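What follows is the residue order along each chain.
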Amino acid sequence: MKNFSPVEKKFFKLSGVDIMTTRMPYITVDNFPKLGLFTALRFIEWVLQNPYGVISLPTGKTPEHFIKWTQHIIKDWESEKIKNLCSSYGIPTHKKPDLGDLKFVQIDEFYPIKSQQENSFAWYVKEFYIKGFGLNPDNALIINAEQIPLADGGSFEEIFPELKVDLTLRYRHANTTIERKQQESILMIDDWCSAYEQKIRDMGGIGFFLGGIGPDGHIAFNTRGSDHYSTTRLTETNFETQAVAAGDLGGIEISKNRLVITIGLQTITYNPNAVAIIIAAGEAKAMVVKNSLEQEASNQYPASVLHHLKNGRFYLTKSAASKLNDSITDYYKKGKWTFEKTQRAIIDLCVKNDIYGHHITMKDLKSDEWCSLIPDLNENTVNEVIVSFKEKIQKGIKTEENQTYYHTGPHHDDIMLGIFPHISHELRGASNKFTFSILTSGFTAVTNKFIISILADAKGFISEGLIQMLKYPDFFVSGYQFKRDKDVYHYLNKVASGEPKQRRRGLSHRVIRDMVDLYQMKNKKELVAKIDEILHILENSYDGEKNPKDIQLLKGRIREFEEELVWAHFGVQVKNVKHLRLGFYTGAIFTEQPERSRDVLPILEEFRRVKPSIISLALDPEGSGPDTHYKVLQAIADAVRLWSEETDISKVKIVGYRNVWYQFHPADAEVIVPVSLNSLSSLDNAFTNCYLSQVDASFPSYRLDGKFSQLAQQIWIDQLKQIQLLLGKNYFYENDQPRLRGSHGLVFYKEMDVKTFLSQARELEKSMEGSF
């Protein structure tokens, strides 16, 4: 590509892309860490050529490896290893890049928010770019909400006391004194945004822009529908963006009511010579990447504004590029043709043309770009695929006996949302044994508001004398450790009898046991004092603030109780629900990599103890869900490998499931499990009654404004529709087998032997090459 820099030319050659049919260039790399290396090298290359240039860099998790690689290269510039690395990509090494004279432009910020809060983008910029890259703070344009002038010199807490900004005041009549002040303030913020925009233009515009891309296609906070000529402004966001921001702000309840200040799409493209790069990793971004690169420039696809920039680029992992027409062409035309390719081509034809499998003609097959490539294409081709999917379904209704299951989940609720209908049937077999193991403590999914509510409940029940166990003389010595099964049974009894207050009392029992365990309190007075102390801390924390370690632990214990409640529905005892609390999970912006001694050996010990014949795990691809999923998968893979070196586990089966974050294509699934109306209902009932901290969906998927159980239901129903197109609806409602006649959803999963899984595990290791 004629406009590619030396670094880009090198990475483009390594990508193996032969043909590029998109409306703007893209370059692919193998994995997320290499994406960071590539971006860092391109940045260093640009800085050497533009030492006084204007840069604008992203926040969040996406730039993790870019930041780490850039810091590493700058710090160790004189080392032979870094000089060799840079030289190999065409970067001259005779002069160390100096970032001190660069000018920095903050891309966006929540409004209102205090800049010293660690969940503000201003804090992120100062921590990782100003401090981390050694930039000059005097050369930085920072969006500091507290310094934006408001009416009568007031603070944003005074002008917007609930931190809600009503933008209709731009256009409507202000009815009260406070509304008049708010209206004046909004117009003053608009003036500030215009001045911010002018400062950027006075510098000649942004010379190097690096950004991620949101689930709706947003770059910066320019959400779907943003005008390509938009400038810096105060604006609302859409639900997809609010769902992503919920983790930063402490819940969707806050992010729905928080506005943003963002540079505009025209701000990004004002400098016609700007290097503007969008980075994306993971299959979950594949469709939005496809639309941005292949569709005509449109407000519907914000990143399409870069089409006309000569130095506009997308840097992608191969998985993020997987839905591009170029990638699909490579999939079908390169390498050996497999039956999986035939399955995929036929299923996709059914969906694309909305046609039942038995209605597909030879003309349909031959006229389809991919089906026409099927070797020995004939009248029986579709039937062979139909038969193969019927076999997958038969595997899904087969009942296992004398199996020892070890079901793992990265977070609480992952197992349930992945394969609940399958497990609920297997649990009925008396000869089967089950262990459910949650590998992280999951505290980040519990809001402060929820903890405040349950601690207030606990304090109230104590004052009413309704926590009788506190009266036992040995309770604070050793009694708190016992009767954990009773807590579960008590709670579920009150679910059955429909007594919400008694359910809350049951939860209070467990919370109090855990508090005594965590804080080693000696009496009721100390307990009440600790409750008051925690309430004071939480009530005086800002939304989204990282909790002290002890409160993180307490939140994790509540999630653990929730998981025990779910499986107790089927008689599973507390002792068979394990909580491994792996140490890499810290709640930090950039999660640590799993370590063998800290994170792998505890899993290995469990395998040695339980000796499972079937292990289930979340098999999400990189970058397609919380990064915890992928890191837990790495740790499990390493534990399985170590276990295989100690004993013969060749007969162990590995079940790989996915849930609300990403789904299997039907061709990728080896087993298909029918889901009845009863299972759909049981899922939602159990989720609602047990995952108490999740009922309000404070941290939802961007795909649904509601509970995860509702999203899982919708996914299973949609998967049934896919298979109905291939097999015909009558295959289900006329089937001889009751479970198939009663199917109203389907669950997909992969089933592997250990050898196959370890082969994939080696690919996992490769996927983290280049990480720190």
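What you see is a predicted model; the values in this text were computed from it and never measured. (Residues numbered from 1 in each chain as written. Predicted model: local features only at pLDDT ≥ 70, side-chain atom pairs only at ≥ 80, totals over all residues. Heavy atoms only, no water.)

Enquirer: Looking at this structure, how should I read the overall build of the chain?
Expert: In terms of helices and strands, the chain carries 28 helices and 17 strands. The C-alpha atoms of the chain give 28 Å as radius of gyration, which agrees with the globular expectation for 772 residues (28 Å, within 12%). Considering only C-alpha atoms, the chain reaches an extent of 80 × 75 × 60 Å along its principal axes. Within the chain, contacts between residues at least 6 apart in sequence are counted, and of these 79% link residues at least 24 apart. Carbon and sulfur atoms make up 49% of the accessible area of the chain, which totals about 32000 Å². If the 94 positive side-chain charges of the chain are averaged to one point and the 97 negative ones to another, these points end up 3 Å apart. (Helix = DSSP H or I, 4+ residues; strand = E, 2+ residues; numbered from the N terminus. Rg over C-alpha atoms; globule rule 2.2 N^0.38 Å. Contact = heavy atoms within 4.5 Å. Areas by Shrake-Rupley, 256 points an atom, 1.4 Å probe, with all protein chains shown as cover. Lys, Arg positive; Asp, Glu negative; His and termini not counted. Charge placed at Lys NZ, Arg CZ, Asp CG, Glu CD.)

Enquirer: Even after reading the chapter, I still don't get the sheet that holds strand 11 (residues 404–409), so can you show me in this structure?
Expert: Ordered in space as 13-12-11-14-15-17-16, the seven strands form an open sheet in which the pairing is mixed. Of all strands in the sheet, those bounded by a partner on one side alone are strand 13 (577–579) and strand 16 (671–676). Across the sheet, the mean angle from the axis of one strand to that of its neighbour is 25°, orientation sign disregarded. Relative to strand 15 (residues 653–657), strand 14 (residues 614–618) runs parallel, the two sharing five bridges. Along strand 15, the bridge assignment pairs Leu 617 with Gly 656. Contacts from helix 23 (residues 627–646) reach strand 11 and strand 14 within the one sheet, and its direction differs from that of strand 14 by about 155°. (Pairing = 2+ DSSP bridges. Axes fitted to C-alpha atoms, helices over the stretch in contact; angles between N-to-C directions.)

Enquirer: Looking at this model, I keep getting lost on the pairing of strand 6 (residues 208–211). Mind explaining?
Expert: Looking along a regular strand, one sees the side chains alternate between the two faces of the sheet. Burial along strand 6 is two-sided: Phe 208 and Leu 210 facing one way and Phe 209 and Gly 211 facing the other are all buried. As paired elements, strand 2 (residues 54–56) and strand 6 share two bridges and run parallel to each other. Note on strand 6: the bridge partner recorded for Ile 55 is Phe 208. Pairing between strand 6 and strand 9 (residues 275–280): four bridges, direction parallel. From the neighbouring strand, Phe 208 faces strand 9, where its bridge partner is Val 275. (Buried < 20%, exposed > 50% of the residue type's maximum accessible area, 1.4 Å probe, protein only.)

Enquirer: Which parts of the structure should I look at to understand the pattern of salt bridges?
Expert: Close approach of charged atoms allows side chains with opposite charge to pair. Evaluated as defined, the whole model comprises 48 salt bridges. Here Arg 504 ties to Asp 457 by a salt bridge, and the two come within 2.9 Å at their closest N and O atoms. Taken together, the residues Arg 504 in helix 19 (residues 500–519) and Asp 457 in helix 17 (residues 448–463) connect sequence positions 47 residues apart. Notably, a salt bridge pairs Glu 751 with Lys 653, separated by 3.9 Å at the nearest N-O pair. (Salt bridge = Lys/Arg side-chain N within 4 Å of Asp/Glu carboxyl O.)

Enquirer: Any chance you could explain helix 17 here in plain terms?
Expert: Every α-helix carries 3.6 residues per turn, so stepping three or four residues along brings you back to the same face. With 16 residues, helix 17 ought to run about 22 Å at 1.5 Å a step, and its terminal C-alpha atoms sit 22 Å apart, in line with that. Of the residues making up helix 17, those classed as buried are Asn 448, Phe 450, Ile 451, Ile 454, Leu 455, Asp 457, Ala 458, Phe 461 and Ile 462. Tucked inside the fold, the buried residues of helix 17 contact helix 19, helix 20 (524–539) and helix 21 (549–568). Phi turns positive one or two residues past the end of helix 17, at Gly 465, with a value near 75°. (Expected span 1.5 Å × (residues − 1).)

Enquirer: What is the right way to read helix 7 (residues 177–202) from this model?
Expert: Taking 1.5 Å of rise per residue, 26 residues should cover 38 Å, and helix 7 covers 37 Å from first to last C-alpha, within 8% of that figure. If you check which residues of helix 7 are buried, you get Glu 179, Gln 182, Ser 185, Ile 186, Ile 189, Asp 190, Trp 192, Cys 193, Tyr 196, Glu 197 and Ile 200.

Enquirer: Sorry, what's going on with unusual backbone geometry here?
Expert: In most cases, non-glycine residues show a negative phi, while peptide bonds are predominantly trans. The omega torsion of the bond from Tyr 111 to Pro 112 falls at -5°, within 30 degrees of zero and hence cis. Turning to its location among the elements, Pro 112 is positioned in the loop between strand 4 (108–111) and helix 5 (121–131). One non-glycine residue, Leu 163, lies in the positive phi region at around 60°. Following the sequence through the fold, Leu 163 ends up in the loop between helix 6 (156–159) and helix 7.

Enquirer: Could you clarify how one ought to interpret the sheet that holds strand 4 in this entry?
Expert: Adjacent strands of a sheet form backbone hydrogen bonds with each other and so pair up, either parallel or antiparallel. Pairing in this open sheet of three strands is antiparallel, and the strands run 4-8-7 from one edge to the other. The open sheet has two free edges, formed respectively by strand 4 and strand 7 (233–235), since each of these has just one partner strand. Sheet twist, expressed as the mean angle between neighbouring strand axes with direction ignored, is 25°. Alignment of strand 4 against strand 8 (residues 259–262), held across four bridges, turns out to be antiparallel. Each residue of the ladder has a partner; that of Phe 110, found in strand 8, is Val 260.

Enquirer: Could you clarify how one ought to interpret the nonpolar core in this entry?
Expert: When a protein is soluble and globular, its nonpolar side chains tend to lie buried together. Counting 100 residues, the largest nonpolar core has Phe 43, Leu 57, Tyr 111, Tyr 129, Ile 263, Phe 314 and Leu 316 as the members making the most contacts within it. The dominant element in this core, judged by the number of residues it contributes, is helix 2 (residues 32–49), at ten residues. Ignoring anything within four residues of it in the chain, the contact list for Phe 314 reads Met 24, Pro 25, Tyr 26, Ile 27, Ile 213, Ile 278, Val 289, Ser 292, Leu 293 and Ala 303. Among the nonpolar cores identified, the runner-up in size contains 72 residues, and Leu 427, Ile 551, Phe 561 and Tyr 657 belong to it. (Core = buried A, V, L, I, M, F, W, Y, C linked by side-chain atoms within 4.5 Å.)

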